[in-house]
Amino acid sequence: MNLTFTDILDANLLRVKYREYEGLMRTSKTKELLGTVKDFLHFVERLKSHVSSTVLMRSLEEQERVAKRLITTIRVRYLLLFLYKRVIQNLINRLVSLMRSLLIQLSF
């Protein structure tokens, strides 16, 4: 394996970029996390087009798979949260309606 100066520089730049992503992912709120993971996914996709090592390619593919799974999980969370709020609101409305109905019946 022949390492050149540019390979060493590229590895150091990659290390810095990965540390940056790690910091952003650990400190982000959910909405910011989604943006960070999407950006990381695009970064990995671009990086894959320049990689010739099969070991590195497998690692990048696994990172890509996990990032996509994380994005899907965050999106499902929003959907579930929306549905949860809607179900809760419907149940509250139904309960209030039943309470009012009982009070109306008692007032006669």
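Residues numbered from 1 in each chain as written. Predicted model: local features only at pLDDT ≥ 70, side-chain atom pairs only at ≥ 80, totals over all residues. Heavy atoms only, no water.

**Focus on the overall build of the protein**
Under the convention used in this document: Secondary structure follows DSSP: runs of H or I at least 4 residues long count as helices, runs of E at least 2 residues long count as strands, and numbering of each begins at the N terminus. C-alpha atoms define the radius of gyration, and 2.2 Å times the number of residues to the power 0.38 defines the globule rule.
Scanning the protein for helices and strands turns up three helices and zero strands. When its helices and strands are written in sequence order, the protein yields α-α-α. Here the C-alpha atoms of the protein give a radius of gyration of 25 Å, more than 25% beyond the 13 Å that 2.2 N^0.38 yields for 108 residues. In terms of principal-axis extent, the alpha carbons of the protein reach across some 95 × 25 × 15 Å.

**Let's talk about helix 3 (residues 54-106)**
We apply this condition: The span one expects for a helix is its residue count, reduced by one, times 1.5 Å. Each residue gets one of three labels from its accessible area relative to the maximum for its type: buried under 20%, exposed over 50%, partly exposed in between, using a 1.4 Å probe on protein chains only. Contacts described as polar in this section are N or O atom pairs within 3.5 Å, which, within protein, must combine one atom able to donate a hydrogen with one able to accept it, while residues neighboring in sequence count only if both atoms come from side chains.
Between the first and last C-alpha of helix 3 there are 77 Å, a value that for 53 residues agrees with the 78 Å anticipated at 1.5 Å per step. Where helix 3 is concerned, the buried positions are Leu60, Glu64, Ala67, Ile71 and Ile74. At the N-terminal boundary of helix 3, the capping side chain belongs to serine 53, with an oxygen 3.4 Å from the backbone nitrogen of valine 55.

**Here's the deal with the environment of glutamate 32**
Checked against the element boundaries, glutamate 32 lands in helix 2 (residues 30-48). With relative accessibility at 47%, the residue glutamate 32 sits in the partly exposed group.

**Regarding the environment of isoleucine 71**
Selection rule: Residue contacts are defined here by distance: any two heavy atoms, one from each residue, within 4.5 Å place the two residues in contact.
Locating isoleucine 71 in the fold gives a position in helix 3. Residues isoleucine 71 and leucine 41 lie 30 residues apart in sequence; the distance between their C-alpha atoms is 9.6 Å. Setting aside its immediate chain neighbours within four residues, isoleucine 71 contacts Leu34, Val37, Lys38 and Leu41.

**Looking at the packing of aromatic side chains**
Where we set the bar: For Phe, Tyr and Trp, rings pair up if their centres lie within 6.5 Å, where Trp contributes its six-membered ring, and each pair is then called stacked (planes under 30 degrees apart), edge-to-face (over 60) or tilted (otherwise).
Going through the model one piece at a time under the given rule, you end up with four aromatic pairs. Taking the centre distance of 5.2 Å and the plane angle of 75° together, the rings of tyrosine 21 and phenylalanine 40 count as edge-to-face. Taken together, the residues span a long stretch of sequence, with tyrosine 21 in helix 1 (residues 5-27) and phenylalanine 40 in helix 2 at a distance of 19 residues. Judged by its relative accessible area of 8%, phenylalanine 40 is buried. Summarising the aromatic geometry, the rings of tyrosine 21 and phenylalanine 43 are spaced 5.7 Å apart at their centres and angled 50° between planes, so their arrangement reads as tilted.

**Some points on helix 2**
The terminal C-alpha atoms of helix 2, which comprises 19 residues, lie 26 Å apart, in line with the 27 Å expected from a rise of 1.5 Å per residue. Of the positions making up helix 2, those classed as buried are Leu33, Leu34, Thr36, Val37, Phe40, Leu41, Phe43 and Val44.

**Points about a nonpolar patch on the surface**
Going by this rule: Each patch is assembled from residues with relative accessible area greater than 30% and no salt bridge, linking like charges that lie within 9 Å and nonpolar side chains (Val, Leu, Ile, Met, Phe, Trp, Tyr) that lie within 5 Å. The accessible surface values rely on the Shrake-Rupley method and a 1.4 Å probe; as for residues, cover is taken only from the protein chains in view. We count a salt bridge whenever a side-chain nitrogen from Lys or Arg sits within 4 Å of a carboxyl oxygen from Asp or Glu.
Together, Tyr78, Leu81, Tyr84, Val87, Ile88, Leu91, Ile92 and Val96 give the surface a local cluster of nonpolar side chains, amounting to about 680 Å² of exposed area. As for its placement among the helices and strands, valine 96 is situated in helix 3. According to the relative accessible area criterion, valine 96 is partly exposed, its value standing at 31%.

These figures come from the coordinates and say nothing about function on their own.
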